[in-house]
Amino acid sequence: MLCKIGDVEVWRLLEIHGPFLRPEELFPTAGPEVGARIEELVPNSLCPTSGKLILPIQGFLLKSPSHNILVDSCVGNHKTHPDDPEWHGRSDTRFLSALAAAGLTTADVDYVLCTHLHADHIGWNTRLQDGRWVPTFANAQYLMPRADEELQRGRDSDTYKESILPVIEAGQTELVLEGHRLGDCITLIPTPGHTPGHVSVRIESGGKTALITGDALHTTAQCQHPEWHFKYDHDAESAVTSRISLLEQAAESGCLVLGHHFALPSLGRVSAAGNAFKWEDLD
Ligand SMILES: [Zn+2]
């Protein structure tokens with residue numbers, strides 16, 4: 001178990017942990033020294049041979065007394081990514097092994113909450129069975145941001161056809177808007193920009209609070225530099241606005257913060273520092 005927020009256990013389901021892309025490519029407005037700045041703020045987060053930023057791709061499993069909720073489902077197996085050999089046609093058991101280590105089978109997951117509908121967050125939404133894509137979590141309701149579903153449907157991409165549409169056709173999808181609440185403990189916070197419908201997740205239980213950022217931030221170095229644009233942002237300026245607002249909430253409340261792509265342990269706290277913020281890993 002990664003941590004406990006009141007009565008809610010948080011488990012990490014790690015699928016990939018390795019070099020992704022070079023910092024100057026990921027953060028195109030951050031200037032040529034961005035790699036050195038990241039290394040200063042997040043030591044050992046760059047691959048010494050390639051210079052690429054080392055990112056985890058993981059989901060967070062929330063075990064509350066009433067529900068098991070998966071927040072994002074990584075890249076998945078057998079998905080089509082012709083431009084990305086590491087994501088293409090994977091056949092890997094790490095994600096499902098992590099679910100088993102948390103004491104659950106796929107049938108035990110009650111909700112799959114998608115912070116947004118990018119390929120590295122929805123891959124295990126489905127799995128290939130006898131040549132057909134079927135929901136991996138047969139008993140789960142899948143919550144997807146409405147604006148992201150519209151965007152992906154318009155693109156009719158492989159990601160839509162493989163990881164979104166089969167869940168909709170199975171009748172297991174609820175298209176949600178920001179502010180949606182799930183049980184007593186979970187609220188979706190609007191953080192648009194990275195995608196139009198992107199949400200972050202607030203957990204409140206037993207007087208404790210935590211925030212799961214989703215892709216509102218990709219590295220904790222963005223606490224000091226929330227103004228950095230990210231290569232894959234849909235609307236980079238509105239992503240900046242959302243990032244600052246989320247960091248303000250985190251700093252004011254002093255709550256725990258978890259980020260899907262933050263350097264491990266991907267868990268810490270944010271405080272105000274000058275015109276920006278400061279990150280501290282939780283021991
Ligand atoms: Zn992502």
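For the structure given in this document, a descriptive report is provided here. Keep in mind that what you see is a predicted model, and the values were worked out from it rather than measured. (Residues numbered from 1 in each chain as written. Predicted model: local features only at pLDDT ≥ 70, side-chain atom pairs only at ≥ 80, totals over all residues. Heavy atoms only, no water.)

### Looking at the coordination of the zinc ion
Around the zinc ion, the donor atoms from the protein are Asp120 (OD), His121 (NE2), Asp215 (OD) and His261 (NE2), and they sit 2.1 to 2.3 Å away. Of note is the zinc ion, whose four donor atoms meet at the metal with angles of 85 to 165° in an arrangement that counts as irregular. Donor residues binding the zinc ion come from one chain and are separated in sequence as D-H-x93-D-x45-H. Here Asp215, found in the loop between β13 (208–212) and α7 (221–224), pairs with His261, found in the loop between β14 (256–258) and β15 (267–273); they are 46 residues apart in sequence, far enough to count as distant. Judged by relative accessible area, which is 3%, Asp215 ranks as buried. Judged by relative accessible area, which is 4%, His261 ranks as buried. (Donors = N, O, S within 2.8 Å, 3.2 Å for Na, K, Ca; no water. Tetrahedral: all angles 85-135°; square planar, octahedral: opposite > 155°, others 65-115°. Helix = DSSP H or I, 4+ residues; strand = E, 2+ residues; numbered from the N terminus. Buried < 20%, exposed > 50% of the residue type's maximum accessible area, 1.4 Å probe, protein only.)

### Quick notes on the state of the cysteines
Applying the stated rule across the entire model yields zero disulfides. Sulfur of Cys3: no disulfide; nearest cysteine sulfur belongs to Cys255 and is 11 Å away. Residue Cys3 is classed as buried on the basis of its relative accessible area, which comes to 10%. Cysteine Cys223 is unpaired, with the sulfur of Cys255 as its nearest cysteine sulfur at 11 Å. (Disulfide = S-S within 2.5 Å.)

### Notes on the sheet that holds β13
Read across the sheet, seven strands follow the order β10-β11-β12-β13-β14-β15-β16 without closing on themselves; strand pairing throughout is mixed. In this open sheet, the two edge strands, each paired with only one partner strand, are β10 (181–182) and β16 (276–281). Direction of pairing for β13 relative to β14: parallel, over a ladder of three bridges. Paired with Ala210 across the strands is Leu256, a residue of β14. Most of the contacts of helix α8 (residues 236–253) go to β15, to which it runs at about 100°, and overall it touches β11 (186–190), β12 (199–205), β13, β14, β15 and β16. (Pairing = 2+ DSSP bridges. Contact = heavy atoms within 4.5 Å. Axes fitted to C-alpha atoms, helices over the stretch in contact; angles between N-to-C directions.)

### Brief notes about the layout of surface pockets
Considering only enclosed or pocket space, the largest pocket measures out at about 850 Å³ in volume. If you list the elements that add at least two residues to the lining of the largest pocket, you get β2 (8–19), β3 (54–63), α4 (119–122), α5 (146–155) and α6 (158–169). Here the residues of the lining of the largest pocket sort into 13 nonpolar, 12 polar and seven charged. (1 Å grid on protein atoms, 1.4 Å probe; cavity = no way out; pocket = protein on both sides within 12 Å on 5 of 7 lines; lining within 4 Å. Points joined across faces, edges and corners; volume = space filled by probe spheres on them. Nonpolar A, V, L, I, M, F, W, Y, C, P; charged D, E, K, R; others polar.)

### Some remarks on the pattern of salt bridges
Per the stated rule, a full pass over the model turns up five salt bridges. For Arg22, the salt bridge identified is with Glu24, shortest N-O distance 2.9 Å. The partly exposed category is assigned to Arg22, whose relative accessible area is 38%. Residue Glu24 is classed as partly exposed on the basis of its relative accessible area, which comes to 34%. With a closest N to O distance of 3.0 Å, Glu40 and Arg37 form a salt bridge. With Glu40 and Arg37 both in helix α2 (residues 34–41), this residue pair falls three residues apart, about one helical turn. On the basis of relative accessible area, Glu40 is assigned to the exposed category, the value being 56%. Taking relative accessible area as the criterion, Arg37 reaches 25% and is therefore assigned partly exposed. (Salt bridge = Lys/Arg side-chain N within 4 Å of Asp/Glu carboxyl O.)

### Here we look at the sheet that holds strand β9 (residues 173–176)
Pairing within the open sheet is mixed, and its seven strands lie in the order β1-β2-β3-β4-β5-β8-β9. The strands lining the two open edges of the sheet, one partner per strand, are β1 (3–5) and β9. The average undirected angle you get between the axes of adjacent strands in this sheet is 25°. Inspection of the sheet shows β3 paired to strand β4 (residues 68–71) by four bridges, in the antiparallel sense. Looking across to β4, one finds that Lys63 is bridged to Asn68.

### Notes on the side chain of Ser266
Structurally, Ser266 is set in the loop between β14 and β15. The exposure class assigned to Ser266 is buried, which follows from its relative accessible area of 0%. Polar contacts involving the side chain of Ser266 include one to the main-chain carbonyl oxygen of Phe262, which spans 2.9 Å. (Polar contact = N/O pair within 3.5 Å; in protein donor to acceptor, adjacent residues only side chain to side chain.)

Any functional reading would require information that these geometric values do not contain.
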